Amino acid sequence: MTSHDIRESFLDFFRSRGHAIVPSAPVIPAEDPTLLFTNAGMNQFKDVFLGTGKRPYARAADSQKCIRVSGKHNDLEEVGRDTYHHTFFEMLGNWSFGDYYKEEAIAWAWELLTREWGLDPSRLYATVFDTDDEAAAIWRKQRGMDERRILRFAKKDNFWEMGETGPCGPCSEIHIDMTPDASGAPLVNAGDPRVMEIWNLVFIQYNRDERGNLSPLPARHVDTGMGFERITAVLQEKNSNYDTDLFMPIIDGIAAMAGRRYHRSADSPPDVAMRVIADHARMLTISIADGGMPSNEGRGYVIRRILRRASRFGRNLGLHEPFLHLVVPLVTDVLGGQYPEISARREHCGNIIRGEEESFNVTLDRGLEIFGSVAGRLGRSTEFPAGEAFKLYDTFGFPFDLTRLIAAEKGLSVDEARFAALMERQKAQSRSGRSGRETGQATGGSLLYTSETARRIEAPADDRKSEFTGYDQLDGTAAVRAADRNVVVVEATPFYAESGGQVGDSGILSGSGQSFVVVDTQRSGDMIVHLLDRVCGLRPGETVELRVDGDRRAETASNHTATHLVHEALRRVLGEQLHQQGSLVAPDRLRFDFNHHEKIPPDKIRAIENIVNEKIALRIPVHALNDPKEWLTIGEAKRRYPNVKMFFGEKYGHRVRIVEIDPAFSVELCGGTHSRITSALGFFKIVSESGISSGVRRIEAVTGAGFREYIEAGIAETGILDAQLETLLREGEELARQLGAAASPSGQPPGPAPIAPGDISIGAADL
Ligand code: SER
């Protein structure tokens, strides 16, 4: 059977047992900030298990794209070295949502494996959770199952949890014994590739909350997951997943690029390298196709590390030029039939990977050189100094896991605890270095707080929290909580503190018979800090009047609303994989950074502007939940607004605020201030588009007053050009007259006709 046939026969089996066949969710779980990557088929049904979401079916089955490289489930170190762990893998799963339970789940798994696919029952073990007599009894009833092959294990092996929090429950796994004499019973759950778990049946009954407590769910569910690459190896009678038709075309392609042969050796370095590259290329293609991007934090850093790791393994094969991007088509040839989204984004994936490979190549060369020279000086020591590993990381951007990997290849160890301590020390130093400077700046006599230092003011007590009242009001009266030189914190303020890319408000603060200009507003922890133009001498308890500069706020709000509109417009024109990478929302302009690999052509810029301007013309009300009492939990937000945008890596509070501009167009989680109606924006214009790093582009745009200024500046520039043109013309005419007068007493120019205005073209160099 080909891998394609195996996938299909799994889905057919469950289809004929009343299951809806659903598509795989993306591997980037944009809607679940608790998860870095989709790590199991059940992730997309988390809300159903928790009782907060519903589906139009009670049974489902699919083939889910999964990534396990971090967090609770992480197989990275085994990848390529053993036969059956991967960073990316497919999981075949069937689910019951409060419908069937253990009886059917076990019976069907057994039927599919032993009757449909003909596996020998005497080679299968069933494990159950220590106290799960019910599951053990059901297993005993299965035809061909021997009591001695039902094994009990504790929580570590037989209680499945998707992460630190979420739905969970006892599970029952099926393991296959591939020892020559079927003597593998002691090897179950022992990490031996000869006895391998192939299918996990989880009986979801509980939710684990943030405090670690388990609470029973409203209903009991079934969540099963079978390792597709593993079952393919079993059914294709291969000793390794890498020998199946899922990997061999990719490995053969890599071997051809390197001008080598693949020998299926367990430990020859080139063969390990080819397997690692094949594995990593699958992970990179899938994750980038689903909207992931290499970057310096969170999920993006995992993608970057995997890419760098694969690049480094390429060096083991003598591949010095970027090559990984050439593996992308090999991956899409194998997986594109099942997951059309990766074929559609093949070019995008290749471009992103190529850019990243090119920029890392330089770092890699330097890092390898430094590593080599340090290693060369070690003498008899077998320890690569943690300090040098730290320097490689800190100064040269060389990931620690790469140093550890290269060290291991050379038989060297690295003291990980020491490395971690150095990282910690550096963090602490930069923290205290900052506060030391601040103290000097803020208490050194005449120096004032700046926006930068105001952000780091220490809150002396919990009650230094300020309430923000400025979604609906621009002025107010409040008691001073704390004041120091030119900064003031009050109990409740309409001033918006810089956050989420939106700049802080400015305005007037008056008290004690004096008025101060609020030049900026910053946040420090839960405090909103007003930064005044001078030392104020205010005291805690005094009452002050606060007035936000309304025009500036309105202009900023226009640009914030425009940011949401352009975000969606960009996605519609350039593709759904596009995500916000950063933004600046100021009164005079907005800046929006996003993942995209190439320059945006003028016609697409126009199309993006047109979409935003249409929304402006439609006078759409902007609905923002301004009262914090109306804010929602992430779960509620997702339920009420199915297409709400969420950004991974962003820390959302316990309750989130929604800003909706036409439910079918833009719904975002956002704490910023917005226009009340889109027509307030006047007009939207993109004024620049540029690349800021590999795969990340930036647009700058203007609305309303900023747009007027932009046009006026343009007109003024045209005026200057006109004036310059006129001067040039006059000078030209004068010159011609002089030349003519010199050459001919009649005053007629001898040569070419006089210069007419239309004949002069002015190049940039003339101006
Ligand atoms: N969620 C379980 C697992 O990932 C079964 O699908 O193993």
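Cut-offs used in this document
- Residues numbered from 1 in each chain as written.
- Predicted model: local features only at pLDDT ≥ 70, side-chain atom pairs only at ≥ 80, totals over all residues.
- Heavy atoms only, no water.
- Helix = DSSP H or I, 4+ residues; strand = E, 2+ residues; numbered from the N terminus.
- Buried < 20%, exposed > 50% of the residue type's maximum accessible area, 1.4 Å probe, protein only.
- Contact = heavy atoms within 4.5 Å.
- Areas by Shrake-Rupley, 256 points an atom, 1.4 Å probe, with all protein chains shown as cover.
- Lys, Arg positive; Asp, Glu negative; His and termini not counted.
- Charge placed at Lys NZ, Arg CZ, Asp CG, Glu CD.
- Axes fitted to C-alpha atoms, helices over the stretch in contact; angles between N-to-C directions.
- Parallel < 35°, antiparallel > 145°, perpendicular 65-115°, else oblique.
- Left-handed = near helix turned anticlockwise from the far one by under 90°.
- Nonpolar A, V, L, I, M, F, W, Y, C, P; charged D, E, K, R; others polar.
- Near = heavy atom within 4 Å.
- Polar contact = N/O pair within 3.5 Å; in protein donor to acceptor, adjacent residues only side chain to side chain.
- Pairing = 2+ DSSP bridges.
- Patch = residues over 30% accessible without salt bridge, like charges linked within 9 Å, V, L, I, M, F, W, Y side chains within 5 Å.
- Salt bridge = Lys/Arg side-chain N within 4 Å of Asp/Glu carboxyl O.
- Phe/Tyr/Trp six-rings, centres within 6.5 Å; stacked < 30°, edge-to-face > 60°.
- Lys NZ or Arg CZ within 6 Å of the ring centre and 35° of its normal.
- pLDDT = per-residue confidence, 0-100.
- Core = buried A, V, L, I, M, F, W, Y, C linked by side-chain atoms within 4.5 Å.
- Disulfide = S-S within 2.5 Å.

## Concerning the overall build of the protein chain
Part 1: Across its full length, the protein chain holds 20 helices and 28 strands.
Part 2: Taking the principal axes of the C-alpha coordinates as reference, the protein chain spans close to 115 × 80 × 65 Å.
Part 3: For the protein chain, buried positions account for 51% of its 767 residues.
Part 4: Residue pairs in contact within the protein chain that sit at least 24 positions apart in sequence constitute 69% of those at least 6 positions apart.
Part 5: Just so you have it, the protein chain exposes about 34300 Å², and 50% of that area is on carbon and sulfur atoms.
Part 6: Put simply, the protein chain has 91 plus and 109 minus side-chain charges, and the middle of one group is 3 Å from the middle of the other.

## Overview of the packing of helix 1 (residues 3-15) against helix 3 (residues 102-116)
Part 1: Their axes nearest at 11 Å, the elements helix 1 and helix 3 cross at an angle of 130°. The orientation of helix 1 relative to helix 3 falls into the category oblique. For the pair helix 1 and helix 3, the crossing hand works out as right-handed. Of helix 3, the residues touching helix 1 (which contributes Phe-10, Phe-13 and Phe-14) are Trp-108, Glu-111, Leu-112 and Glu-116.
Part 2: Residues belonging to the contact of helix 1 with helix 3 are distributed by class as follows: 5 nonpolar, no polar and 2 charged.

## Thoughts on the site of the ligand
Part 1: Close to the ligand lie Ala-40, Met-42, Arg-68, Met-91, Trp-160, Asn-200, Val-202, Asp-223, Thr-224 and Gly-225, which account for all nearby residues.
Part 2: Contact between the ligand and Trp-160: an oxygen atom at 3.3 Å from a side-chain N or O atom of the residue.
Part 3: Backbone polar atom of Thr-224 to an oxygen atom of the ligand: 3.3 Å apart, as the coordinates give it.
Part 4: The fraction of the free accessible surface of the ligand (230 Å²) that becomes covered by protein chains is 96%.
Part 5: Counting residues per element, the shell around the ligand draws most heavily on strand 11 (residues 214-227), which supplies 3 residues.
Part 6: Residue composition of the shell around the ligand, by class: 5 nonpolar, 3 polar and 2 charged.

## What about the sheet that holds strand 23 (residues 590-595)?
Part 1: In spatial order, the strands read 22-23-28-27; together these 4 strands make up an open sheet with antiparallel pairing. With partners counted over all chains shown, the strands left at the sheet margins are strand 22 (580-585) and strand 27 (684-693), one partner each. Sheet twist, expressed as the average angle between the axes of neighbouring strands with direction ignored, equals 15°.
Part 2: Note: strand 23 against strand 28 (residues 696-703), 6 bridges, orientation antiparallel. Residue Phe-594 lies in a different strand from strand 28, and its bridge partner there is Arg-697.
Part 3: Seen against the sheet, helix 17 (residues 550-574) touches strand 22, strand 23, strand 27 and strand 28 and runs at an angle of roughly 25° to strand 23.

## Focus: a nonpolar patch on the surface
Part 1: There is a patch of nonpolar side chains on the surface, built from Val-687, Tyr-710, Ile-711 and Ile-715 and spanning about 330 Å² of accessible area.
Part 2: Top element by residues in the nonpolar patch is helix 20 (residues 704-743). It accounts for 3 residues.
Part 3: The topology assignment puts Ile-711 in helix 20.
Part 4: The exposure class of Ile-711 is partly exposed, given its relative accessible area of 36%.

## With respect to the sheet that holds strand 18 (residues 507-511)
Part 1: With respect to topology, 6 strands assemble into a closed barrel ordered 15-16-20-19-18-21, the strand pairing being antiparallel. On average, each strand axis in the sheet is tilted by 45° relative to the strand beside it, whichever way the strands run.
Part 2: Across 5 bridges, the pairing between strand 15 (residues 475-484) and strand 21 (residues 543-548) is antiparallel. Across the sheet, residue Ala-479 finds its bridge partner in strand 21, namely Thr-543.

## Structural notes on the packing of aromatic side chains
Part 1: What the rule picks out here adds up to 24 aromatic pairs.
Part 2: Seen from their ring centres, Tyr-242 and Phe-247 are 4.7 Å apart, and the 55° between their planes marks the pair as tilted.
Part 3: Through a chain of ring-to-ring contacts, the aromatic side chains of Phe-10, Phe-13, Phe-14, Tyr-100, Trp-108 and Trp-199 assemble into a single cluster.
Part 4: Taking NZ or CZ as reference, Arg-275 lies 5.9 Å from the ring centre of Tyr-242, over its face.
Part 5: Positioned above the aromatic ring of Phe-665 is the side chain of Lys-615, whose terminal nitrogen or guanidinium carbon lies 4.5 Å from the ring centre.

## Here we look at the pattern of salt bridges
Part 1: Tallied over the entire structure, the rule returns 45 salt bridges.
Part 2: Among the ionic pairs, Asp-290 bridges to Lys-65, the shortest N-O distance being 3.0 Å. With a gap of 225 residues between them, Asp-290 in the loop between helix 8 (269-289) and helix 9 (298-316) and Lys-65 in strand 2 (residues 59-67) connect regions that are remote in the sequence. Lys-65 carries the same exposure label as Asp-290, and that label is buried.
Part 3: Connected through shared salt-bridge partners, Glu-568, Arg-571, Arg-572, Glu-576 and Lys-645 make up one network.

## A look at the side chain of Glu-689
Part 1: Inspection of the secondary structure puts Glu-689 in strand 27.
Part 2: Relative accessible area serves as the criterion here: at 13%, Glu-689 is assigned to the buried category.
Part 3: Separated by 3.4 Å, the side chain of Glu-689 and the backbone nitrogen of Ile-600 make a polar contact.
Part 4: Within the local environment of Glu-689, its side chain forms a polar contact with the side chain of Arg-697, the two groups lying 2.5 Å apart.
Part 5: Those residues in contact with Glu-689 that sit more than four places away from it in its chain are Glu-598, Lys-599, Ile-600, Ile-605, Arg-697, Arg-698 and Ile-699.

## Let's talk about the environment of Ile-406
Part 1: Here Ile-406 shows up in helix 14 (residues 400-409).
Part 2: A relative accessible area of 1% means that Ile-406 is categorised as buried.
Part 3: Distance from Ile-406 to Leu-368, taken between C-alpha atoms, is 8.9 Å for residues 38 residues apart in sequence.

## Details of the confidence of the model for the protein chain
The predicted structure's coordinates, where accompanied by low pLDDT, should not be read in detail.
Part 1: Scored by pLDDT, the protein chain comes out at a mean of 88, with 91% of its residues at no less than 70.
Part 2: Low confidence marks residues 433-446, where pLDDT is under 50. Its contacts with residues over four positions away, or in another chain, come to 15 contacts.
Part 3: This model gives residues 745-767 a pLDDT under 50, and the stretch forms 15 contacts once residues within four places in sequence are excluded.

## Brief notes about the side chain of Ser-287
Part 1: By the secondary structure assignment, Ser-287 is in helix 8.
Part 2: A relative accessible area of 0% means that Ser-287 is categorised as buried.
Part 3: Contacts of Ser-287, omitting those with residues within four sequence positions, involve Val-27, Ile-28, Phe-37, Ile-67, Gly-292 and Ile-303.

## A word on unusual backbone geometry
Part 1: Unusually for a residue other than glycine, Asn-189 sits at a positive phi of about 60°.
Part 2: Of note, Asn-189 is situated in the loop between strand 9 (166-177) and strand 10 (195-208).
Part 3: Despite not being glycine, Glu-237 shows a phi value in the positive range, around 55°.
Part 4: Residue position: Glu-237 is located in the loop between helix 6 (228-235) and helix 7 (248-258).

## A word on the nonpolar core
Part 1: Within the largest apolar cluster, 114 residues are counted, with the highest numbers of intra-cluster contacts made by Phe-10, Leu-113, Trp-139, Ile-198, Trp-199, Ile-231 and Met-283.
Part 2: Dropping the residues within four chain positions of it, Met-283 is found in contact with Phe-37, Ile-67, Val-69, Thr-87, Phe-88, Val-302, Ile-303 and Ile-306.

## Points about the state of the cysteines
Part 1: On inspection of all chains with the given rule, the structure shows 0 disulfides.
Part 2: Looking at Cys-66, it has no disulfide partner, and the nearest cysteine sulfur is the one in Cys-171, 15 Å off.

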